[in-house]
Amino acid sequence: MAEAQGNREPAAQDFHSYANPAAVRVRHLDLDWDVLFDQKILKGTAVLTVDRISPTQPLILDTRDLNIEKVETSLDGVNYSPATFTIGSSDKILGASMTIPLPAKANRVRIHYSTAPGASGLQWLEPTQTAGKKDPFVFTQSEAIHARSWIPLQDTPQVRVTYTARVRTPRQLLAVMSAENLSGPARDGDYSFRMRQPIPSYLIALAVGDLRFKALGSRTGVYAEPPVIDLAAKELSDTEKMVVTTERLYGPYRWGRYDILVLPPSFPYGGMENPRLTFATPTILAGDKSLVSLVAHELAHSWSGNLVTNATWSDFWLNEGFTVYLERRILEAVYGHAREEMEAALGLRDLNEDLATLPDPDEILHIDLKGRDPDEGSTDIPYEKGALFLRHLEETFGRARFDRFLRSYFNHFAFQSITTEQFVAYLKLNLLSKNPTLAERVPVDEWLNKPGIPASAPKPVSPAFARVEEQAMRWLRREVTAEKIPTAKWTTQEWLHFLKFVQDQVSKGFVGDRIVLSVPPGTAPPAARMEELDKAFHLTRSGNSEIAFQWLLMSIRNRYEPASPRLEEFLLSIGRRKFIKPLYEELAKTPQGKERALRIYARARPTYHPIAVASIDEVLKWKS
Ligand code: BES
Ligand code: ZN
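Quick caveat: nothing in here was measured; it's all calculated off a predicted structure.

Rules used in this analysis
- Residues numbered from 1 in each chain as written.
- Chains lettered and ligands numbered in written order.
- Predicted model: local features only at pLDDT ≥ 70, side-chain atom pairs only at ≥ 80, totals over all residues.
- Heavy atoms only, no water.
- Helix = DSSP H or I, 4+ residues; strand = E, 2+ residues; numbered from the N terminus.
- Polar contact = N/O pair within 3.5 Å; in protein donor to acceptor, adjacent residues only side chain to side chain.
- Contact = heavy atoms within 4.5 Å.
- Pairing = 2+ DSSP bridges.
- Near = heavy atom within 4 Å.
- Areas by Shrake-Rupley, 256 points an atom, 1.4 Å probe, with all protein chains shown as cover.
- Nonpolar A, V, L, I, M, F, W, Y, C, P; charged D, E, K, R; others polar.
- Phe/Tyr/Trp six-rings, centres within 6.5 Å; stacked < 30°, edge-to-face > 60°.
- Buried < 20%, exposed > 50% of the residue type's maximum accessible area, 1.4 Å probe, protein only.
- Lys NZ or Arg CZ within 6 Å of the ring centre and 35° of its normal.
- Donors = N, O, S within 2.8 Å, 3.2 Å for Na, K, Ca; no water.
- Tetrahedral: all angles 85-135°; square planar, octahedral: opposite > 155°, others 65-115°.
- Salt bridge = Lys/Arg side-chain N within 4 Å of Asp/Glu carboxyl O.
- Axes fitted to C-alpha atoms, helices over the stretch in contact; angles between N-to-C directions.

Peer 1: Run through the side chain of Asn544, naming residues and quoting values.
Peer 2: Mapped onto the elements of the fold, Asn544 is located in the loop between helix H13 (526-537) and helix H14 (545-557). A distance of 3.1 Å separates a polar side-chain atom of Asn544 from the backbone nitrogen of Glu546. When neighbours within four sequence positions are excluded, Asn544 is seen to be in contact with Ala286, Ser290, Leu291 and Thr492.

Peer 1: Any chance you could break down the sheet that holds strand S3 (residues 59-63) for me, citing the residues and the numbers?
Peer 2: With antiparallel pairing, three strands are arranged side by side in an open sheet as S3-S7-S6. Of all the strands in the sheet, just S3 and strand S6 (86-87) have a single pairing partner and so form its edges. Relative to strand S7 (residues 96-100), S6 is paired through two bridges, and the arrangement is antiparallel. Paired with Thr86 across the two strands is Thr99, which belongs to S7.

Peer 1: Please provide a residue-by-residue account of the site of ligand 1, values included.
Peer 2: The immediate surroundings of ligand 1 are formed by 15 residues, with Glu143, Gly270, Glu273, Glu298 and Tyr383 found nearest. At 2.7 Å, a side-chain N or O of Glu273 approaches a nitrogen atom of ligand 1. Burial of ligand 1 by the protein chains amounts to 89% of its free accessible area of 520 Å². Elements with a minimum of two residues in the shell around ligand 1: strand S19 (271-272), helix H3 (293-300) and helix H4 (316-335). No other element matches H3, which puts three residues into the shell around ligand 1. Tallied by class, the residues present in the shell around ligand 1 amount to five nonpolar, six polar and four charged.

Peer 1: So what about the environment of Val262? Which residues, and what values?
Peer 2: Following the sequence through the fold, Val262 ends up in strand S18 (residues 258-262). Apart from residues lying up to four places away in sequence, Val262 is in contact with Val222, Tyr223, Ala224, Val228, Ala232, Leu236, Ala280, Pro282 and Leu285.

Peer 1: Account for the packing of aromatic side chains, with residues named and values stated.
Peer 2: Pairs of aromatic rings are described using the distance from one ring centre to the other and the angle between the two planes. By the definition in use, this model includes 41 aromatic pairs. Ring centres of Phe322 and Phe423 lie 5.4 Å apart, and the angle between their planes is 85 degrees; this geometry places the pair in the edge-to-face category. Linking Phe322 in helix H4 with Phe423 in helix H8 (residues 420-432), this pair joins segments that are 101 residues apart in sequence. What makes Phe322 buried here is its relative accessible area of 0%. In this structure Phe423 comes out as buried when scored by relative accessible area, which is 0%. For the cation-ring pair, Arg110 lies above Tyr80, with the distance from its terminal atom to the ring centre recorded as 4.0 Å. If you follow Arg529 out to its NZ or CZ, it ends over the ring of Trp475, 4.1 Å from the centre.

Peer 1: Before we move on, can you summarise the coordination of the zinc ion (ligand 2) with the specific residues and values?
Peer 2: Protein coordination of the zinc ion (ligand 2) is provided by His297 (NE2), His301 (NE2), Glu320 (OE) and Glu320 (OE), with donor distances spanning 1.9 to 2.7 Å. What the six donor atoms of the zinc ion (ligand 2) show is an angle range of 53 to 160 degrees at the metal, which sorts the shape as irregular. In the primary structure, the donors to the zinc ion (ligand 2) are separated according to the pattern H-x3-H-x18-E. We note that His297, like His301, is buried.

Peer 1: Which residues make up the pattern of salt bridges, and what are the values?
Peer 2: Any two side chains of opposite charge can pair if their charged atoms end up close together. Per the stated rule, a full pass over the model turns up 42 salt bridges. With its nearest N and O atoms 2.9 Å apart, the salt bridge here joins Asp34 to Arg168. Of this pair, Asp34 sits in strand S1 (residues 24-36) while Arg168 sits in strand S11 (residues 160-168), and the two are 134 residues apart along the sequence. The exposure class of Arg168 is partly exposed, given its relative accessible area of 23%.

Peer 1: Explain the environment of Thr540 to me, and be specific about the residues and the numbers.
Peer 2: Assignment of secondary structure puts Thr540 in the loop between H13 and H14. Judged by relative accessible area, Thr540 falls into the buried class, the value being 11%. Between the alpha carbons of Thr540 and Val262 there is a distance of 25 Å; along the sequence they are 278 residues apart. With near-sequence residues (within four places) excluded, Thr540 lies in contact with Asp534, Trp551, Tyr560, Pro562, Ala563 and Arg566. One polar contact links Thr540 to Trp551, side chain to side chain, over a distance of 3.0 Å.

Peer 1: Now, about the sheet that holds strand S9 (residues 122-125): what can you tell me, with residues and values included?
Peer 2: Whenever strands of a sheet pair, they do so through backbone hydrogen bonds, lying parallel or antiparallel. Across the sheet, four strands lie side by side as S9-S10-S15-S12; this open sheet has antiparallel pairing. Pairing within the sheet leaves two strands with one partner each, and these edge strands are S9 and strand S12 (174-177). Averaged over all adjacent pairs, the angle separating strand axes in this sheet is 10 degrees, with direction ignored. Relative to strand S15 (residues 206-209), strand S10 (residues 137-140) runs antiparallel, the two sharing two bridges. The residue bridging Val138 from the neighbouring strand is Val208, located in S15.

See the structure below:
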């Protein structure tokens, strides 16, 4: 149970941290590093300012593979005295605890340390892995529990800190952080930052490279390497509009600037909502703004996640479910209802795929992650099931009432980290109990604590997708040839639905009441039908990463060989886990495929991020 602590934060049990914030709580960090590309390390100091809630207790921090040189403590932040510390045994998932006994009244701890070249939260890129090919690049990825691999801290989302940082880099490179830049526009290899709002550790972020900046609006902009900056600025030109839209829906944007950093292609995620500076994969740069839902998503986290934060990784759906719901609301306001419903339908489809394969306990929103790596809890459950739950509340109570509820929720819990129980209590008090008859229609406990989705769950309706399905069926039944399918006005979302729908039908082996795609003599094998589509639509060469991914997945499944070189090129040039993991999994389903996967992976592995490497090693049972 939460204990009264003389401050507002209750202590929720976080199985993914050794820290003891109920006894000693870190409030502020002053960071100082040299970025040493030749050694692939950060080297410097972290000064932690702490609150002594239980005055005799030591400070316990999270670390992973850090090289600690020396620790000092201070009562005044000026005079430091040497201190002792002990490092606990290292756990594969959690890393190692670091215990620092504190003298009476000491409230500052200075740690001199360096990171390991293989730190799980850092990726060091050779110039060849960048767009510019001339300079090295480094970036962090702290969520879920990788901040501890580059900063010794209390790595639990229920501890919020403010921070300052000073970063020294090679002169020609620019450093950016999830913070205000205090050094002005000068590129001199010496940069200072300040984050004045308290944030959880997983939102601390740094990147260093040959970066350029282009303004998008008065408080929005984009950073990218020189060869990418113009394309990025064009693609992301709706960003300011999205910020304005979200403010209208959910209240003021509280972080000052909203910039986006477009990273090199090895970035393991689509996006990461680092405050003031979203990190994004370059694979969203499709040329037609068709994949900018990712910006809506990461921007939405400025309310759901960064302002109101999950207290533990079991409450992750509070971050991601809310954010997918907000993302769809932003899309609807900026690009219209039809587009939003297409995205919702694609999301529901992905959710149903997960529900068909996940074990029951993993289908629960308020998930038990004890003993597990929180990175592996990233299924569509917290995202899509969470969003569907909120949509159910919206549909039941009406949009106006639900919007008011969400606005007050974000204000009430602003800059706090909360548990699912706290959300439920707030929901009951401010929405359910005020409308008891309507409340009966929403099975809250079933949504949060049971597998599957309730029978009364909302169903997105996309007439555009219904038309796509009709066309697909006609083609599958050979009533029309591929060129005759009226695709001219199809959006990326319609293409994705077409391909997934066709694959579903192929997998079933049935179309209507006839078997058309099985392989008995006289019927064309799936590969021939793939070829037909490819000839008509050049899908193997699609420059849209989502379409290319879906096509390549189908190519493996249906043994469509002409796509092989493109598959190899894709796996060797892109490190986004959402794309590469399913492709390796699909390859690994047959012996020849597995062999091919291992051959490609042997070359690709050194270019992948440590987080992606951990996942693919697991898929291919790779022993290094
Ligand atoms: N916060 C997540 C990324 C994340 C989650 C990193 C868990 C580490 C652990 C981010 O907001 C996200 O959800 N990204 C998605 C894209 C989004 C459009 C669904 C991604 O990277 O695929
Ligand atoms: Zn997210």
